[in-house]
Every structure is written in C-alpha cells, then in structure tokens.
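# Observations on chain architecture
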Amino acid sequence: MRVFTTTREIQQYLADLRNKGLSTGFVATMGALHQGHLSLIQQAKKDNDLVICSIFVNPTQFNDPADLEKYPRPIAHDTQMLEQAGCDILFNPEVSEMYADNEHWHLALGEIEHLLEGTFRPGHYQGVTQVVYKLFNILKPDTAYFGQKDYQQIMVIAKMVELLNLPVKLVMCPILREEDGLAMSSRNIHLTAEDRLHSLILSKTLNWVKDNFDSNNIAVLQAKAAEAINTEDGVSLEYFELVDGDTLHPANQSTKKVVALVAARVGKTRLIDNVLIG
Ligand code: PAF
C-alpha cells in the first residue's frame, strides 16, 4: 500500500494512474477502523481497479472540542488493517495540509442539514461537506463508498454532489453489526462493559419496530420505542424517528421507503443507528 500525507504527491500519483485508464473507489474515514470500514473497502475493491482510503480526523465537523480530543487515533493499527484488506493507497494528511488558517465554508444544503442529527450537532454537516468536498477534489475518485449507519450523512453528501455537479458516484453499503446486534462504530471503544450491555436496546428496538411496522400505527411505534429506550439504565434518548428515507420528513402509513433512525447517549458515548423498513 502506498501512503501519502501531502496533496501534491498523491495528486501526481493518481493523475498517472488515471492516465492509464484505471478506475478508483474511495473510502473516507476518520480512522479507528473496524470491520464496517473494511466492508466498504471490500466493496470498493470489487467495483474498481484501485482502492483509496483516507484517514483524517476532521476538526471542522466536531462541535464538541472534548469529543475531537478523545477521538481514537490508532494509526499504526489502522495502516496494518488496510494493508491486510488490500487497500492500494492511503491518504493520511495533517490538519495543516487540508486547511488554511481562517478558512470559511458554507454550502446551502437546505433543511436536510438541520433535521435529526443537525438539531443535536449544529454545523456538523457543514464540516462534513467541507472535508468530503476537499477529498473528492484532491482524489477525484470514480466512486465513493459510505456506510448506511450514517444515513443522513450520505443524504447530505448526495445533496452536495447534486448541488456542485461533482463527477463522483456514491454507493451506500449496509451496516455491519456485532453478533449481539450493536452497530459497528469507532465510538464503541468508549463504551464500558455496562454501557455495552445497555447499548443493545438501540438495535433491539429498531428490530422490534421493523418487525411490528405493518401491524401498528407509526405514532404508537415511535412512542413505544422511545419509552423502551428511555427506561433502559444509563441510556438517554436524543431522537427515535420514523421518516421517509428520501426526504427525512416524518413517515406516514403510505410512505414507501421508511427508515427508523435513533440517536442516544449510552453512558458518556453518543451512538446512532438505523434500520430500513420496506
Ligand atoms: O463518516 C465519517 O467517518 C466522516 O464523517 C467522514 C465522511 C470521513 C468525513 O470526515
């Protein structure tokens, strides 16, 4: 695997590969890799001649400085995992390589930015689009792969691609789960053993809602789901919503593509998860 830390070097390297007609698949990450990330790499490998992965803990998407500070950065282990997964190129820049001082970014993303995650993490999606735009611009991948776990993030990135006419295809890959149902996430390492047990209420409730969707009213499902999560020890619900998967507006009984989305604090760790229904 070739590792690059500067924009100039990776751009030169990729330009040569493009001239040879090779296709590239891209997986953007903030490191602390797990099997979920590796499943994106595997999909990218199936679809492309070469796979590029980026590891960059992007400061502009954190609204809590403490969260940014404690974000795990096991770069040696991550590099080894990428090697083993057959990733071809790693881009691992410093913050100073990605951002000039006092850089300003604002993209008119519309209401999608302010719903759900946007309510609890104001400014988060401006930071995400800022860095993903830069990465797309530097790496110019043919296809970029994102995990369904960050469902709203994919919708926001798709909106940016549409608004700015970016020449990249987006692919959403399914959530990978631990055997007991917990969605894989870099943040799971912050869960204590007790948190880990309590966290299972999220996937259990999502599955229960999916299984009972056809025979229940949406308001009832939402209320029961919220109650189940809120009564779990150590868990504090931020939202549990059944929405239209294309608009993120509240779903109704005739919505074709429903997504149940949840965010909660488990101990000190904020977790999100979702399930597609129908
Ligand atoms: O999903 C993530 O890990 C990040 O939001 C991303 C897409 C790598 C941008 O920093």
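See the structure shown above.
Residues numbered from 1 in each chain as written. Predicted model: local features only at pLDDT ≥ 70, side-chain atom pairs only at ≥ 80, totals over all residues. Heavy atoms only, no water.

### A look at the site of the ligand
Neighbouring the ligand are Ala 28, Thr 29, Met 30, Asn 58, Gln 61, Val 131, Phe 146 and Gln 153. At 2.6 Å from an oxygen atom of the ligand is found a side-chain nitrogen or oxygen belonging to Gln 61. In this structure, Gln 153 approaches the ligand through a side-chain N or O atom, which is 2.7 Å from an oxygen atom. Residue composition of the shell around the ligand, by class: four nonpolar, four polar and no charged. (Near = heavy atom within 4 Å. Polar contact = N/O pair within 3.5 Å; in protein donor to acceptor, adjacent residues only side chain to side chain. Nonpolar A, V, L, I, M, F, W, Y, C, P; charged D, E, K, R; others polar.)

### Looking at the packing of helix H1 (residues 7-19) against helix H7 (residues 124-139)
Two measures define how a pair of helices packs: the angle their axes make with one another and the distance between the axes. With their axes 9 Å apart at the nearest point, H1 and H7 run at an angle of 50° to one another. In terms of orientation, H1 and H7 fall into the oblique class. Of H7, the residues touching H1 (which contributes Thr 7, Ile 10, Gln 11, Leu 14 and Arg 18) are Asn 137, Ile 138 and Leu 139. Residue classes in the contact of H1 with H7 are distributed as four nonpolar, three polar and one charged. (Axes fitted to C-alpha atoms, helices over the stretch in contact; angles between N-to-C directions. Helix = DSSP H or I, 4+ residues; strand = E, 2+ residues; numbered from the N terminus. Parallel < 35°, antiparallel > 145°, perpendicular 65-115°, else oblique. Contact = heavy atoms within 4.5 Å.)

### A word on the environment of Ser 199
Note that Ser 199 resides in helix H9 (residues 193-212). Those residues in contact with Ser 199, other than ones at most four positions away along the chain, are Leu 182, Leu 191, Val 266 and Leu 271. A distance of 2.6 Å separates a polar atom in the side chain of Ser 199 from the backbone oxygen of Arg 196.

### Focus: the pattern of salt bridges
Under the criterion given, the structure shown has eight salt bridges. Asp 273 is the salt-bridge partner of Arg 177, the closest N and O atoms lying 2.9 Å from each other. Taken together, the residues Arg 177 in the loop between strand S6 (169-173) and H9 and Asp 273 in strand S9 (residues 269-277) connect sequence positions 96 residues apart. Residue classification places Arg 177 among the partly exposed positions, given a relative accessible area of 31%. Arg 265 is paired through a salt bridge with Glu 238; the nearest N and O atoms lie 3.3 Å apart. Taken together, the residues span a long stretch of sequence, with Arg 265 in strand S8 (residues 258-266) and Glu 238 in strand S7 (residues 235-244) at a distance of 27 residues. Members of the salt-bridge network, linked through shared partners, are Glu 117, Glu 238, Arg 265 and Arg 270. (Salt bridge = Lys/Arg side-chain N within 4 Å of Asp/Glu carboxyl O. Buried < 20%, exposed > 50% of the residue type's maximum accessible area, 1.4 Å probe, protein only.)

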